[in-house]
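# Structural overview for review
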Amino acid sequence: MTSPAQSAQSAAKKSILIVDDHPVFRAGLMGLVSMEPDLAVAGEACDAAAALEAVGRLQPDLVLLDMSLPGKSGLELLKDLRAAHPRVPVLIISMHDETLYAERVIRAGGRGYLMKQEGPEKMIKAIRRVLAGSISVSERISALILDALSGSREHSDGAASISTLTDREFEIYRLLGQGKETQEIAQMLHLSSKTVDTHRSHIKTKLGLKNNTELVHHATRWAAEQA
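The structure contained in this document is the topic of the report that follows. This is a predicted model, so every value here is computed, not measured.

Turning to the overall build of the protein chain, a few remarks are in order. The helix and strand tally for the protein chain stands at 12 helices and 5 strands. Relative to its full complement of 227 residues, the protein chain shows a buried share of 41%. Taking the contacts inside the protein chain whose residues are at least 6 apart along the sequence as the reference set, 64% of them involve residues at least 24 apart.

Following this line, the structure appears as structure tokens:
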């Protein structure tokens, strides 16, 4: 029989929904969260559709969301979650370098960005920071965001150009750098080939590129620099 003290302790725990498409990593996160006396796992999801359903059903205190999901990216899902459940904070975890996505995540309404390479202590610290109402990013990203807000950031020409791309254009540019063709990108992002071509045209204009060959070379070189 549960004692009043145990019931109070359980009620005081903050619930975390874990969204990640890798079962082993998801299980590891669940174990990590479950070990904390003030945290509890509300549930788990492996893709965008399951995550949206789970948030509506479970009403977690926080969503721990992987950046890379099948069908719809974590960034797109973040925007959907912000629209449908604006009071539920989202902490993004990712294999991608923070300089690629952290600012975009914060602009989209995310409350933090943490690379998966960070240790368990930093993961728990980031979770608690977001639950407390703060934004959790590295000092490096915090400085970049402050510089951007103050208008004092100095970019190289390449970095400044990439930063002008919308989230969708950036996703397409990144996939082009990985060698993906228009039709493949369209299938991955659930877009028409015509829509992808339109985005490619906008990317070329923003980056000052003359044709598709220059665009692919530019994206490929950029992707190689990030590796």
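Generally speaking, nonpolar side chains in soluble globular proteins are found buried as a group. Among the nonpolar cores identified, the biggest contains 44 residues, and Val19, Val63, Leu65, Leu77, Tyr113 and Tyr173 are the most heavily contacted of them. The leading source of residues in this core is helix α9 (residues 167-177), at 5 residues. Apart from residues lying up to four places away in sequence, leucine 65 is in contact with Val19, Gly74, Leu77, Leu78, Leu81, Val90, Leu91, Ile92 and Ile93. Among the nonpolar cores identified, the runner-up in size contains 16 residues, and Leu32, Leu64, Leu91 and Ile127 belong to it.

In sheet architecture, strand pairing relies on hydrogen bonds along the backbone and comes in two forms, parallel and antiparallel. On the basis of which strands lie adjacent, the open sheet formed by 5 strands has the order β2-β1-β3-β4-β5 and parallel pairing. Among the strands making up the open sheet, the edge pair consists of β2 (39-45) and β5 (112-115). Neighbour-to-neighbour, the strand axes of the sheet open up by a mean angle of 25°, direction not taken into account. Helix α4 (residues 74-84) rests against β1 (14-19), β3 (62-66) and β4 (90-94) of the sheet, and its axis sits at about 155° to β3.

With that settled, the discussion passes to the packing of α9 against helix α10 (residues 182-189). Working note: a packed helix pair is described by the angle between its axes plus the distance between those axes. Packing of α9 against α10 brings their axes to within 10 Å, and their N-to-C directions diverge by 130°. Between α9 and α10, the angle falls in the class oblique. The crossing of α9 and α10 is right-handed. For the pair α9 and α10, the contacting residues are Arg168, Glu171, Ile172, Leu175 and Leu176 in the first and Ile185, Met188 and Leu189 in the second. When grouped by side-chain class, the residues that make up the contact of α9 with α10 number 6 nonpolar, no polar and 2 charged.

This brings us to the side chain of arginine 174. Within the secondary structure, arginine 174 is located in helix α9. Leave out the neighbours within four places in its chain, and arginine 174 touches His96, Tyr101 and Trp222.

Definitions and limits used
- Residues numbered from 1 in each chain as written.
- Predicted model: local features only at pLDDT ≥ 70, side-chain atom pairs only at ≥ 80, totals over all residues.
- Heavy atoms only, no water.
- Helix = DSSP H or I, 4+ residues; strand = E, 2+ residues; numbered from the N terminus.
- Buried < 20%, exposed > 50% of the residue type's maximum accessible area, 1.4 Å probe, protein only.
- Contact = heavy atoms within 4.5 Å.
- Core = buried A, V, L, I, M, F, W, Y, C linked by side-chain atoms within 4.5 Å.
- Pairing = 2+ DSSP bridges.
- Axes fitted to C-alpha atoms, helices over the stretch in contact; angles between N-to-C directions.
- Parallel < 35°, antiparallel > 145°, perpendicular 65-115°, else oblique.
- Left-handed = near helix turned anticlockwise from the far one by under 90°.
- Nonpolar A, V, L, I, M, F, W, Y, C, P; charged D, E, K, R; others polar.

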